[in-house]
Amino acid sequence: EADIYQTPRYLVIGTGKKITLECSQTMGHDKMYWYQQDPGMELHLIHYSYGVNSTEKGDLSSESTVSRIRTEHFPLTLESARPSHTSQYLCASSRGVEKLFFGSGTQLSVL
Amino acid sequence: GESVGLHLPTLSVQEGDNSIINCAYSNSASDYFIWYKQESGKGPQFIIDIRSNMDKRQGQRVTVLLNKTVKHLSLQIAATQPGDSAVYFCAEKNDYKLSFGAGTTVTVRA
């Protein structure tokens, strides 16, 4: 079983609020990722990091930002949440660029 | 752009039968493919992977087949069980990242 944790599991928040989605892994993986997923739909890469102090934007444009100050921690922040941000956010990590281990996700609802 | 996709969005299977989930890809340069299973409310879980120098790989009750000629990937599940009900995604390694298809929802009938 993968040791990657996301909190919170569910978040309902009002428009304009600042939120941070947490993601931590205990596998010592250098590479970490954030994907956005609508129900039953494909996963879209929004951010990734190949190591500490390294972050890149993914294929899907996102208003969120990420940081990677420690190997095990890769939080995602939305400065001002909007209803269009309602989605599931999945964090993943990997040793190489192939087999990713996913967390359970954060289901975000912005009212 | 190049993408990975699945032929059918849903698949209904009788318990005990074999399931075949299909995936077409368009990037002939892709050298690695992977299947994930996602149960309701959970993150995707690794099932099996295959490199482009192989055309078949078997796991426990699962087999992945790769046909590079027609750029087709399939996942076969033997003796499908109720616990196999989930959304299945294929992905290909593209530009050092994984690109995912839209997923097939498998429902197992008792």
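First, a word on scope: everything that follows refers to the structure included in this document.

Calculation notes
Residues numbered from 1 in each chain as written. Chains lettered and ligands numbered in written order. Predicted model: local features only at pLDDT ≥ 70, side-chain atom pairs only at ≥ 80, totals over all residues. Heavy atoms only, no water. Salt bridge = Lys/Arg side-chain N within 4 Å of Asp/Glu carboxyl O. Helix = DSSP H or I, 4+ residues; strand = E, 2+ residues; numbered from the N terminus. Buried < 20%, exposed > 50% of the residue type's maximum accessible area, 1.4 Å probe, protein only. Contact = heavy atoms within 4.5 Å. Buried area = accessible area lost by both parts, 1.4 Å probe. Polar contact = N/O pair within 3.5 Å; in protein donor to acceptor, adjacent residues only side chain to side chain. Nonpolar A, V, L, I, M, F, W, Y, C, P; charged D, E, K, R; others polar.

1. A short note on the pattern of salt bridges
Point 1. A full pass over the atoms with the stated rule returns 9 salt bridges over all chains.
Point 2. Among the salt bridges present, the one from Lys 18 of chain A reaches Glu 79 of chain A, with a minimum N-O distance of 3.9 Å. A residue pair is termed long-range when its members are at least 10 positions apart, and Lys 18 of chain A in the loop between strand E2 (10-13) and strand E3 (19-25) and Glu 79 of chain A in the loop between strand E8 (76-78) and strand E9 (87-94) qualify at 61 residues. For the pair Lys 18 of chain A and Glu 79 of chain A, one class covers both residues: exposed.
Point 3. In this structure, the salt-bridge partner of Asp 31 of chain B is Lys 93 of chain B, at a minimum N-O distance of 3.5 Å. Pair noted here: Asp 31 of chain B is in the loop between strand E3 (19-25) and strand E4 (32-38) and Lys 93 of chain B is in strand E9 (residues 86-94), with a separation of 62 residues, a long-range link.
Point 4. On the basis of relative accessible area, Asp 31 of chain B is assigned to the partly exposed category, the value being 33%.
Point 5. Residues joined in a network through salt bridges with shared partners are Glu 98 of chain A together with Asp 31, Arg 51 and Lys 93 of chain B.

2. What to know about the interface of chain B and chain A
Point 1. Facing 18 residues of chain B, the contacting portion of chain A comprises 20 residues.
Point 2. In total, about 1600 Å² of surface goes out of reach between chain B and chain A, with carbon and sulfur atoms giving 54% of it.
Point 3. Counting every contact that joins chain B to chain A gives 2 salt bridges.
Point 4. The partner of Arg 51 of chain B in a salt bridge is Glu 98 of chain A, with the nearest N and O atoms 2.6 Å apart.
Point 5. Applying the counting criterion to the chain B and chain A interface returns 5 residue pairs in polar contact (both at pLDDT 80 or more).
Point 6. Among the elements that line the side of chain B that touches chain A, the one with the most residues is E4 of chain B, at 4 residues.
Point 7. Across the side of chain B that touches chain A, the residue classes break down as 10 nonpolar, 4 polar and 4 charged.

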